[in-house]
Amino acid sequence: MEEVRVFPLTCAVQNYAWGKIGLDSEVAKLVVGGDPLAVVEEGKPYAELWMGAHPKGDAQIKDNRIAQTTLGQWIAHFPACLGSKVKDTFQGQLPFLFKVLSVNTALSIQAHPNRELAARLHAQFPEHYPDNNHKPEMAIALTCFQGLCGFRPVEEILGFLKSVPEFRALVGNEAADELQSSRGDAVQTGQVLKKCFTRMMNCEKKVFVDQLNMLVKRVTEEEIFKTNSEKDTGAAGKDTSSSNGDLLLRLHSQYPGDIGCFSIYFLNHMVLDPGQAMFLGANEPHAYLYGDCIECMACSDNTVRAGLTPKYIDVNTLCEMLNYSPAPSSSKIFPSVQDASDPCVSLYDPPVPDFTVMRIQVPASVKQYTVAPVDSASIILVIEGDAMATSAAALSDVTLRRGTVLFVSANESVSLHITSPSGMTMFRACCLL
Ligand SMILES: [Zn+2]
């Protein structure tokens, strides 16, 4: 059976509580698109679709003529499918996990260690850090996608320290003044920013809960005033943007009394349009807040959390490890580049070896399209469009439609005969060494 090197997958769904509900979820829509017999339960969250060979969600091979039932088992039998470089570099493992996420309520503010720190943390605290690998991640918006990413420019943080006294109380006047006077000296700014963030994160719970309640009460009153004055006069009422009021109230309703609610004054609020991406390298503080995205990551579970979570928070490790380089939100959007050899392909190629994501957009005028071979195993997800896929390495033709997931071994090509009138959109994860 070794000649079968291209086949469809049935992928694992994770029903985490933060996921979008029922068919509001892109994950659920893709699942029923790929398998009309799949049952989506109303009222149940559909948070993540895992396309890969991770032991907690190993994809099923959707062809019972193949002896192995999961992708992980199949790769263990035929590691050559990875491509020789990938197989050697990553010890016969698929180096990435490809996902779709549908986020309804915020996920914890977090950062991921680099390889060196991951190894140290895993050795010291294996109960919190389950492996010794780094975990770079990339998120590409499928719908308008909101998140937090990286420290804001200092001017913005100083603005909040001025207009949000409850935030200033947690940072302290001394550190806040130091931040003000450190402007212009990048090294010093980074050090003082670390001091400011660390002081806030180390506040006693009673102190920050009191401040948070005061802030929420104040912003709520301002919002009511805003709504009423709009109703009465048509004029804009009190603007709460100087305290990031809408986002604060939203996060507080999801995580009341959580220190993470204050992190919005330190971190950039990202709003990505479909196709825009953020890359989360080592030590970059981030959180996903709302929306649907494609995600690709190195195979690891190492996460250091900072708030918006009931899970374990390792404040010391977190405050020590973070990247304290302030930068505008625009600089956190990761650019894609057009593939020089194929105008249909946009490459999202992060500065890590573990993965690359391609967005393949075939225009309506093109009816025959070849998915080019790469020297890596790859996983393809169809977002839009219909086609008949033919490959010398497949047992039979495969019908592609919204939600179909296809595994393609290294150096195999797939020919598509496109039948939908409006073209096709696909995402492909692979490892280009
Ligand atoms: Zn993350």
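Quick note: structure is the one above.
Residues numbered from 1 in each chain as written. Predicted model: local features only at pLDDT ≥ 70, side-chain atom pairs only at ≥ 80, totals over all residues. Heavy atoms only, no water.

Side note on the overall build of the protein
(1) Moving on: Check the secondary structure of the protein and you find 11 helices and 25 strands.
(2) Moving on: Relative to the globule expectation of 22 Å for 433 residues, the C-alpha radius of gyration of the protein, 23 Å, shows essentially globular dimensions.
(3) Moving on: Seen through its principal axes, the protein has C-alpha atoms that stretch 70 × 55 × 40 Å.
(4) Moving on: For the protein, the residues scored as buried account for 56% of the 433 residues in total.
(5) Moving on: Counted over contacts in the protein with a minimum sequence separation of 6, partners at least 24 positions apart contribute 76%.
(6) Moving on: For the protein, the exposed area adds up to about 18200 Å²; of that, 52% sits on carbon and sulfur atoms.
(7) Moving on: For the protein, the distance from the average site of its 36 positive side-chain charges to the average site of its 48 negative ones is 2 Å. (Helix = DSSP H or I, 4+ residues; strand = E, 2+ residues; numbered from the N terminus. Rg over C-alpha atoms; globule rule 2.2 N^0.38 Å. Buried < 20%, exposed > 50% of the residue type's maximum accessible area, 1.4 Å probe, protein only. Contact = heavy atoms within 4.5 Å. Areas by Shrake-Rupley, 256 points an atom, 1.4 Å probe, with all protein chains shown as cover. Lys, Arg positive; Asp, Glu negative; His and termini not counted. Charge placed at Lys NZ, Arg CZ, Asp CG, Glu CD.)

A few points about the pairing of strand β17 (residues 345-348)
(1) Moving on: With burial as the criterion, each face of β17 is covered, one bearing Val345 and Leu347 and the other bearing Ser346 and Tyr348.
(2) Moving on: Bridge count for strand β16 (residues 337-338) against β17 is two bridges, and the pairing is antiparallel. If you follow Val337 over to β17, its bridge partner there is Leu347.
(3) Moving on: Linking two consecutive strands that pair antiparallel, namely β16 and β17, is a turn of six residues.
(4) Moving on: In the sheet, β17 pairs with strand β18 (residues 356-362) via four bridges, with the strands oriented antiparallel. Each residue of the ladder has a partner; that of Leu347, found in β18, is Met358. (Pairing = 2+ DSSP bridges.)

Considering the packing of aromatic side chains
How two aromatic rings sit relative to each other is set out by the distance from centre to centre and by the angle between their planes.
(1) Moving on: Applying the stated criterion to the full structure yields 15 aromatic pairs.
(2) Moving on: Judged by centre distance (4.9 Å) and plane angle (50°), the ring pair of Phe160 and Tyr265 falls under tilted. Taken together, the residues Phe160 in helix α5 (residues 154-163) and Tyr265 in the loop between α10 (245-254) and β11 (267-272) connect sequence positions 105 residues apart.
(3) Moving on: Look at Tyr265 and you get buried, because its relative accessible area is 0%.
(4) Moving on: The interplanar angle of 80° and the centroid separation of 5.2 Å between the aromatic rings of Phe167 and Phe266 together place this pair among those described as edge-to-face. Of the two residues, Phe167 is situated in helix α6 (residues 165-171) and Phe266 in the loop between α10 and β11; the sequence distance between them amounts to 99 residues. Just as Phe167 is buried, Phe266 falls in that class too.
(5) Moving on: An aromatic cluster is built from Phe151, Phe160, Phe167, Phe197, Tyr265, Phe266 and Tyr324, whose rings are joined through pairwise contacts. (Phe/Tyr/Trp six-rings, centres within 6.5 Å; stacked < 30°, edge-to-face > 60°.)

Take it as geometry only, folks, not as evidence of what the structure does.
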